[in-house]
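One-letter residues, chain by chain:
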Amino acid sequence: MHKLFALFHRWSHLNIEVHHAVFCVLVASLFACGGGGESTSAPAPQPSVPVEPSPTPVPQHYYLSPDLSIDPTLPEPQSTTYQQAADAVRFLQQASFGANGGQIQHLMNIGTSAWIDEQIAEPQNKHLLMLDERFKEIGLIPAPVIEDDADGYYRDIQRSDVWWEVALWGKDQLRQRVAFALSQIFVISNVSDVLYNDTRGIANFQDLLATHAFGNYRDLLKAVTLNPMMGEYLSMVRNEKANPDKNIRPDENYAREVMQLFSIGLVELELDGSVRLAPNNQPIATYDQTRIKELARVFTGFNFATLTQWWEWTNSGDSEILPMKSFSTFHDSQQKQLLNGQVLSAGQSPEQDIDNAIDNLFQHANVAPFISQQLIQRLVTSNPSPAYVARIATIFNDNGQGVRGDMAAVIKGILLDDDARNGHINQSDTFGKLKEPVLLMAQLWRAFHAEGVKVKNPDGSLSRERIRFRGSDRETGQRPYGSFSVFNFYRPDFQPPGEIKESGLLAPEFQILTESSIIAKTNFLSNAIYYRDNNDADWLAEGIGHNWDVVAPKLNLQTEFALAKQPEKLLDRLNLLLFAGQLPNVLYQELLSYLQSLPNNNTYDQKLVTFEALYLLTASPEFSVQR
Amino acid sequence: MKNNKFFNDNLMHHSRRQFLRHALYGCGSLALGSSSFAANASQLHLAGAKLQQASHARRGFDDYKALVCIFLYGGNDAFNMVVPTSSTEYNDYKSARQGLALEQSSLLALGKHNNVDYGLHPAMAGLKNLFDTKKMALLANVGALVEPVSQIAYQQNKVLLPPQLFSHNDQQIYLQSLQSASKPTGWLGRAGDLLMSANDNQQLSMNISLSGNNIMQAGQNVFPYSMDASGVNMLSRLNNDSTEQTELNRAAVYQRILQQQRSHLFTRHFANTQQRAWALASTVNDALAVTSPITTPFPAENSLAMSLKMIGQMIAARGNLNVSRQTFFIGIGDFDTHGDQVNRQPALFSMLDEAITAFYAATVELGMENQVTTFTASDFGRTLSSNGDGTDHGWGSHQLMVGGAVTGGQIFGNMPTLALNSPDDIGEGRIIPTTSMDQYGATLGRWFGLQESDMADVYPNLHNFNRSDLGFMGA
């Protein structure tokens, strides 16, 4: 919990994040000062358990293992089921962290709608529980009374391991993929040191997003608002009512961003996401500075749940987890004027004010198109047609049973929409999205059943398999919970200069594709493929150093090695598995003649043929774009 | 020896370079890119027209100049960076800022501006020294404006304003583009469109970013080239100059993959980016490899300093890169001090101080201090009033300009009154800027080589202000 600056440890100086390192400064005002504080009638803080309601019971001895099942044989191009398989891969690229043989077959068996229902019912993997177990394994107290900042980066490596293991090995694929999308709308980040050493809090925030991924948007917005990580990140925690004697007025940070980024956006939208224009042809602002100031007064009087006095400081692990609690003395209880003329009468409790303000935002007509469009962009395509946005926004406004904000219905609508299923045919030159680096790597690793690496713990013991990719920002230009600011890795309306911008198209993910990141990412792909199969990577058996933050996992490539004797068979499989059968023929032929020119006399040659095929394919422009 | 190596490398690379230059013609800098493989006729026509335009406008310079922009993302609270120390004005400041105010005695004396004494934040001793030796100037209360704004005109909605004042990304876009258009280009990008032809090297963009994509350096034809503080990486296992035939074969296949005709705009853009990155990596690396390393010490654990050091290295390599005009962009974050400002700000200012001071020293080492001008910009200033723990989004703010060509030791522009509810305040101490970013940029751009006839294109609202040159750049 870091009001105090902390030295941000880095494994390598080759860091493409913009950050600065500063030094610990102890400041008297951060210690309990006494005076002015007042305990509230709120219940005593709960012990360290996840506070988001769990839809399912929690398993014991909680860890995930690599999926080492052998892939079923995939249909060949001439097969009558080939197109069905290709469609399944396309769907899985949108709805999961990537396709593999088993998932393709399963989806072909049950169909997309049943697959989504199955995924919604699938028990949620809980990052925080796994993380706490992991802390114990490596001799760290999960939630120490006083945190040691020296552990901060090491702890965050563990959190990142859990994130990646769930993404690659979890069965709750759709839930976690949607949570990743939500983490790019409701953004918190530990790139700056505000959330340094708040590892459990970030894991819990991830769980919060995943829990509400199929819940109701209104509950999600409230949970995010009261979450202490968001409270710290956007400085709502400890925000107090005005003190005119000191020219102090409420902090506007959360009030502004909850409207601009998490709910309604800056300008009025039509149901189809297009900007509504006033008679003078200008956009209509959804709010002005006055509305921000009013809303800022709503978000006063909240502080960490583990405190009994407003001015106390807390460093406890639980304060990262428990929803912020109110201290009514510090809450502005005067009348407030919200959006659309709604008035909060004076004298309401902090909780009533928050509930009413969340409802005020939730009922705004912008929420449906604003959130729907961004979810479509994260899952399916950067440039959804207005009709597609309107169809999803309609579901957002009413799921058919009179419920507004039903996220499960929205997600299902997005994925089953005709545009999602057939956009690559009907809008062949523009449909889809650049895969952000996290998704690109995840798709490779899921396709080939990546095994993790064992880690040599500080006490000499060897860990279970881990997916160690905390340094993904350095290697590829992106890291979950590592965006530069609350404005995410990229803006939803980013247009790279040149042809895409001149065409009026949006391409958010291109904001982080630069000459520098594209080379880094391509090089990482190369390192993640050559000699990374689980037979060759012997050196990994003895375990990597405990504080390494990037090691590409081992791949299971037996199926591919076996096909490499006949390069066209290998290419057919990779085309289906990685490209949903969309590899252009001219590229296929280019690759084929290259692979055929390579020595192919023994199993070693066949490995090399496989590596060559995989590297050139995954480094191709076609693999980088989900269509 | 070094020069010989470069010469040899150059010969070895020559044919490949020629090939790549041809393949990339326009892609890195001049036009629509190798997208034209699949571009339709009208696009080709457009590209051709642009190339023609660029060649008509070819500029030549017999000197080298660089502009280095340090963008302070989040909105820097410069009202704590430059503070009045005369008692009346300090008391206004103290009373507005309360717990955020700096001690009067801690401020580093800068001397008088309009008969009021000012001081610099105590963490900026190095910059104070640059100010004293006339290598640094300050610009007071500059910000995003379309036209001059008075408090009354603002309150009565009788003035044109930039869109979405106080919103981070909107203000970043406005200050970097100076446009309210739906597809804005940046003012350094537009400067690049006009001046890029001056560089013999037409492959490497005139605009180089150490912080990835940004609007400021993106013009119609010139886009930022992105590199890291650590330099430029080469593509693994795809070395065109490898001594191993297998690698050469692989590289040839990959080159052909990238050059395939593509109808999807995203795959095409990816392919163009990769080709450009691949070709320029060797250009830049070769030039850096034969350039003597800067020996000026830079502070460790300071990411801004690391980026500035690389910029210094690129400036040192200007001859090998064959460039005469360059802009560099660094964006650094965490200036959005809503919370914990009292602790955060000294660290941020100390980072700036150490990094900029070292960079200026490095330009002296290179003998280039008069050719390189460093300047700051930021989303907006911050409220004078406190939210208890920090400040919120404001408007006008002070900026720094550093370099031998800067008329240093002075504060330019007009200092606002810091009393709350003064005529400069539109509420909570959000201060109306008295100088526009157009004026600030134009003063820099004129020094950089823009002509008077360029000004309206690059700084579209400059004509709304009575001074198009603020005078802080020496003749």
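Remember, it's a predicted structure, so these values are computed and weren't measured experimentally.

J.: Help me out: how do you make sense of the overall build of chain A in this one?
T.: Per the secondary structure count, chain A includes 25 helices and 11 strands. A burial count over chain A gives 59% of its 627 residues as buried. Here the contacts in chain A between residues at least 6 apart in sequence split such that 72% fall between residues at least 24 apart.

J.: Just checking my understanding: could you explain the overall build of chain B for this structure?
T.: If you tally the helices and strands in chain B, you get 14 helices and 12 strands. Counting the 475 residues in chain B, one finds 58% classified as buried. A separation threshold of at least 6 residues defines the contact pool for chain B, and within that pool the share at least 24 residues apart is 75%.

J.: Help me understand helix α12 (residues 341-365) of chain B in this model?
T.: Turn by turn, an α-helix covers 3.6 residues, leaving residues three or four places apart pointing in a common direction. All names here are of chain B. Here α12 is 25 residues long and its end C-alpha atoms lie 35 Å apart, about the 36 Å a rise of 1.5 Å per residue gives. Here α12 lies mainly inside the structure; 20 of its 25 residues are buried. Gly 367 sits one or two positions beyond α12 and adopts a positive phi of about 70°.

J.: What is the right way to look at the interface of chain A and chain B in this model?
T.: Accessible area lost when the parts come together is the quantity often used to give the size of an interface. Facing the 74 residues of chain A at the interface are 71 residues of chain B. Among the elements of the structure, α10 (253-260), α19 (499-502), α20 (515-529), α23 (585-597), α24 (603-618) and α25 (621-624) of chain A are those that each provide at least two residues to the side of chain A that touches chain B. When its residues are assigned to classes, the side of chain A that touches chain B shows 34 nonpolar, 24 polar and 16 charged.

J.: Just to check I follow, could you spell out the sheet that holds strand β6 (residues 453-456) of chain A for this structure?
T.: The strands making up a sheet associate through hydrogen bonds between their backbones, and the pairing can be parallel or antiparallel. All names here are of chain A. Taken in spatial order, the three strands make up an open sheet running β7-β6-β9, and their pairing is mixed. Two strands lie at the open edges of the sheet, namely β7 (462-466) and β9 (544-545), each paired on one side alone. As defined by bridge partners, β6 adjoins β9 across two bridges and the pair is classed as parallel. Each residue of the ladder has a partner; that of Val 455, found in β9, is Ile 544.

J.: What am I meant to see in the nonpolar core here?
T.: The tendency in soluble globular proteins is for nonpolar side chains to be buried as a group. Ranked by size, the top nonpolar core spans 302 residues in total, and within it Val 89, Ile 414 and Ala 613 of chain A together with Cys 69 of chain B carry the most contacts. With near-sequence residues (within four places) excluded, Val 89 of chain A lies in contact with Ala 99, Ile 104, Leu 576, Leu 577 and Ala 580 of chain A.

J.: What am I meant to see in the packing of helix α22 (residues 567-579) of chain A against α23 of chain A here?
T.: How two helices sit against one another is set out by the angle between their axes and by the gap between those axes. Residues and elements named next belong to chain A. Contact geometry of α22 with α23 gives a least axis separation of 9 Å together with a crossing angle of 140°. Viewed along their axes, α22 and α23 adopt a mutual orientation that is oblique. In this structure, the crossing between α22 and α23 has a hand that is right-handed. Across from Pro 567, Glu 568, Leu 571 and Asn 575 in α22, the residues of α23 making contact are Tyr 588, Leu 591, Leu 592, Leu 595 and Gln 596. Split by residue class, the contact of α22 with α23 holds six nonpolar, two polar and one charged.

J.: Could you clarify how one ought to interpret the pairing of strand β3 (residues 108-113) of chain B in this entry?
T.: Looking along a regular strand, one sees the side chains alternate between the two faces of the sheet. Residues and elements named next belong to chain B. Where β3 meets strand β4 (residues 116-120), five bridges bridge the pair, whose relative direction is antiparallel. Within β4, the residue paired with Lys 112 across the bridge is Asp 117. As consecutive antiparallel partners, β3 and β4 are separated by two residues, and within that stretch Asn 114 has a phi angle of approximately 50°, a positive value.

J.: Could you clarify how one ought to interpret unusual backbone geometry in this entry?
T.: Note on backbone geometry: most residues besides glycine have negative phi, and most peptide bonds are trans. Residues and elements named next belong to chain B. Positive phi values are uncommon outside glycine, yet Arg 237 reaches one of about 60°. We classify Arg 237 as buried; it has 23 C-beta atoms within 10 Å. Of note in the backbone geometry, Asp 340 takes a positive phi value of approximately 60° without being a glycine. As for its position among the elements, Asp 340 is in the loop between β8 (325-332) and α12.

J.: In this structure, what is going on with the confidence of the model for chain B? I would like to understand it.
T.: Detailed conclusions should not be drawn from predicted coordinates in areas where pLDDT is low. Residues and elements named next belong to chain B. In this model, chain B carries an average pLDDT of 89, and 88% of its residues clear a pLDDT of 70 or more. Within the model, pLDDT remains below 50 along residues 1-56, and this stretch shows 77 contacts once partners closer than five positions in the same chain are excluded. For this predicted complex, the interface confidence reaches an ipTM of 0.91, while the overall pTM sits at 0.90.

J.: Teacher, can you tell me more about the pairing of β8 of chain B here?
T.: Residue and element names in this part refer to chain B. Here β8 lies mainly inside the structure; eight of its eight residues are buried. Residues Arg 325, Thr 327, Phe 329 and Gly 331 line one face of β8 and the alternating positions Gln 326, Phe 328, Ile 330 and Ile 332 line the opposite face, and both faces are buried. Across three bridges, strand β6 (residues 207-209) lies against β8 in parallel orientation. When the bridges of β8 are listed, Ser 209 appears paired with Phe 329.

J.: Teacher, can you tell me more about α10 of chain A here?
T.: All names here are of chain A. Most of α10 is tucked away, with eight of its eight residues classed as buried. Within α10, burial applies to Asn 253, Tyr 254, Ala 255, Arg 256, Glu 257, Val 258, Met 259 and Gln 260. Looking at the buried side of α10, the elements it contacts are α8 (217-226), α11 (289-298) and α12 (350-362).

J.: What exactly am I supposed to notice about the sheet that holds β4 of chain B here?
T.: Residues and elements named next belong to chain B. Strand order in the open sheet formed by three strands is β2-β4-β3, and the pairing between neighbours is antiparallel. Edge positions in the sheet fall to β2 (82-84) and β3, since each has one partner strand and no second. Across the sheet, the axes of successive neighbouring strands diverge by a mean angle of 35°, strand direction being ignored. With three bridges joining them, β2 and β4 adopt antiparallel strand pairing. Bridge pairing links Val 82 to Leu 120 in β4.

J.: In this structure, what is going on with the packing of helix α14 (residues 386-397) of chain A against helix α15 (residues 407-416) of chain A? I would like to understand it.
T.: All names here are of chain A. Where α14 contacts α15, the axes come no closer than 9 Å and their chain directions differ by 160°. In terms of orientation, α14 lies roughly antiparallel with respect to α15. Judged by the twist between their axes, the crossing of α14 over α15 is right-handed. Seen from α14, the contacting residues are Arg 391, Ile 392, Ile 395 and Phe 396; seen from α15, they are Ala 409, Val 410, Gly 413 and Ile 414. Per-class residue counts for the contact of α14 with α15 are six nonpolar, one polar and one charged.

J.: How should the environment of Asn 343 of chain B be read in this particular structure?
T.: The topology assignment puts Asn 343 of chain B in helix α12. Separated by 46 residues in sequence, Asn 343 of chain B and Asp 389 of chain B place their C-alpha atoms 9.9 Å apart.

J.: Help me understand the confidence of the model for chain A, please; the structure alone is not making it clear to me.
T.: For chain A, per-residue confidence averages 90 on the pLDDT scale, and residues scoring 70 or more make up 90% of the total. Note that residues 1-57 of chain A has pLDDT below 50 and, in this model, 128 contacts with residues that lie over four places away or in other chains.

J.: Please explain the environment of Asn 243 of chain A as it appears in this structure.
T.: Residues and elements named next belong to chain A. Within the fold, Asn 243 resides in the loop between α9 (228-233) and α10. Given 14 C-beta atoms within 10 Å, Asn 243 falls into the partly exposed group. As a C-alpha pair, Asn 243 and Leu 513 span 270 residues in sequence and 46 Å in three-dimensional space.

Definitions and cut-offs
Residues numbered from 1 in each chain as written. Chains lettered and ligands numbered in written order. Predicted model: local features only at pLDDT ≥ 70, side-chain atom pairs only at ≥ 80, totals over all residues. Helix = DSSP H or I, 4+ residues; strand = E, 2+ residues; numbered from the N terminus. Buried ≥ 20, exposed ≤ 12 C-beta atoms within 10 Å, placed from the backbone. Contact = placed C-beta atoms within 7 Å. Expected span 1.5 Å × (residues − 1). Nonpolar A, V, L, I, M, F, W, Y, C, P; charged D, E, K, R; others polar. Pairing = 2+ DSSP bridges. Core = buried A, V, L, I, M, F, W, Y, C linked by C-beta atoms within 7 Å. Axes fitted to C-alpha atoms, helices over the stretch in contact; angles between N-to-C directions. Parallel < 35°, antiparallel > 145°, perpendicular 65-115°, else oblique. Left-handed = near helix turned anticlockwise from the far one by under 90°. pLDDT = per-residue confidence, 0-100.

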